[in-house]
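Summary of the model geometry
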Amino acid sequence: MREFMLTLHLRIHDSVTALHRAHAVGDDDLASAQAGEIRGLVEIAARHGVDIEAGYADLTLAG
(Lines give C-alpha, C1' and ligand atoms only; values in the text may rest on other atoms or scores of the structure.)
Protein backbone atom coordinates (compact mmCIF):
# COMPACT_ATOMS: atom_id res chain seq x y z
CA MET A 1 0.00 0.00 0.00
CA ARG A 2 2.90 2.36 0.68
CA GLU A 3 4.04 2.18 -2.96
CA PHE A 4 0.48 2.90 -4.13
CA MET A 5 0.25 5.93 -1.83
CA LEU A 6 3.62 7.24 -2.97
CA THR A 7 2.72 6.82 -6.64
CA LEU A 8 -0.60 8.56 -6.10
CA HIS A 9 1.03 11.50 -4.35
CA LEU A 10 3.66 11.78 -7.09
CA ARG A 11 1.00 11.76 -9.81
CA ILE A 12 -0.94 14.46 -7.98
CA HIS A 13 2.21 16.53 -7.60
CA ASP A 14 3.06 16.16 -11.29
CA SER A 15 -0.48 17.07 -12.32
CA VAL A 16 -0.51 20.15 -10.08
CA THR A 17 2.85 21.23 -11.53
CA ALA A 18 1.53 20.77 -15.07
CA LEU A 19 -1.63 22.70 -14.15
CA HIS A 20 0.43 25.64 -12.91
CA ARG A 21 2.55 25.54 -16.08
CA ALA A 22 -0.57 25.50 -18.27
CA HIS A 23 -1.97 28.51 -16.42
CA ALA A 24 1.36 30.33 -16.76
CA VAL A 25 1.37 29.98 -20.55
CA GLY A 26 -2.36 30.61 -20.89
CA ASP A 27 -3.24 27.13 -22.18
CA ASP A 28 -6.81 26.83 -20.90
CA ASP A 29 -7.44 23.46 -22.59
CA LEU A 30 -4.41 21.87 -20.96
CA ALA A 31 -5.28 23.48 -17.63
CA SER A 32 -8.78 22.02 -17.84
CA ALA A 33 -7.38 18.58 -18.67
CA GLN A 34 -4.97 18.74 -15.75
CA ALA A 35 -7.73 19.84 -13.38
CA GLY A 36 -9.73 16.79 -14.50
CA GLU A 37 -6.72 14.58 -13.90
CA ILE A 38 -6.35 15.97 -10.38
CA ARG A 39 -10.05 15.42 -9.65
CA GLY A 40 -9.73 11.82 -10.82
CA LEU A 41 -6.68 11.21 -8.66
CA VAL A 42 -8.42 12.73 -5.63
CA GLU A 43 -11.37 10.39 -6.21
CA ILE A 44 -9.02 7.40 -6.39
CA ALA A 45 -7.41 8.50 -3.13
CA ALA A 46 -10.80 8.82 -1.44
CA ARG A 47 -11.94 5.38 -2.64
CA HIS A 48 -8.81 3.77 -1.22
CA GLY A 49 -8.71 5.71 2.04
CA VAL A 50 -5.53 7.61 1.18
CA ASP A 51 -5.34 10.85 3.16
CA ILE A 52 -4.19 13.63 0.85
CA GLU A 53 -5.81 16.46 2.81
CA ALA A 54 -2.68 17.40 4.75
CA GLY A 55 -0.42 17.64 1.73
CA TYR A 56 -2.81 19.57 -0.49
CA ALA A 57 -5.02 21.51 1.93
CA ASP A 58 -4.11 24.86 0.36
CA LEU A 59 -4.46 23.63 -3.24
CA THR A 60 -6.92 25.35 -5.51
CA LEU A 61 -7.46 24.20 -9.07
CA ALA A 62 -7.79 27.78 -10.25
CA GLY A 63 -4.10 28.36 -10.02
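Here, every reference points to the structure presented above.
Within the secondary structure layout, serine 15 lies in helix H1 (residues 2-25). A residue is classified by how much of its surface remains accessible, and serine 15, at 6% relative accessible area, is buried.

This paragraph deals with helix H2 (residues 28-47). Relative to the 28 Å expected for 20 residues at 1.5 Å per residue, H2 spans 29 Å between its end C-alpha atoms, a close match to the ideal helical length. Those residues of H2 that fall on the buried side of the exposure criterion are Ala31, Gln34, Ala35, Ile38, Leu41 and Ala45. The buried residues of H2 occupy one face: seen down the axis, they fall within an arc of 125 degrees. Away from its buried face by more than 90 degrees, H2 exposes Asp29 and Arg47. Elements that come into contact with the buried residues of H2 comprise H1.

What counts, and where the lines are drawn
Residues numbered from 1 in each chain as written. Predicted model: local features only at pLDDT ≥ 70, side-chain atom pairs only at ≥ 80, totals over all residues. Heavy atoms only, no water. Helix = DSSP H or I, 4+ residues; strand = E, 2+ residues; numbered from the N terminus. Buried < 20%, exposed > 50% of the residue type's maximum accessible area, 1.4 Å probe, protein only. Expected span 1.5 Å × (residues − 1). Arc of directions from axis to C-beta. Contact = heavy atoms within 4.5 Å.

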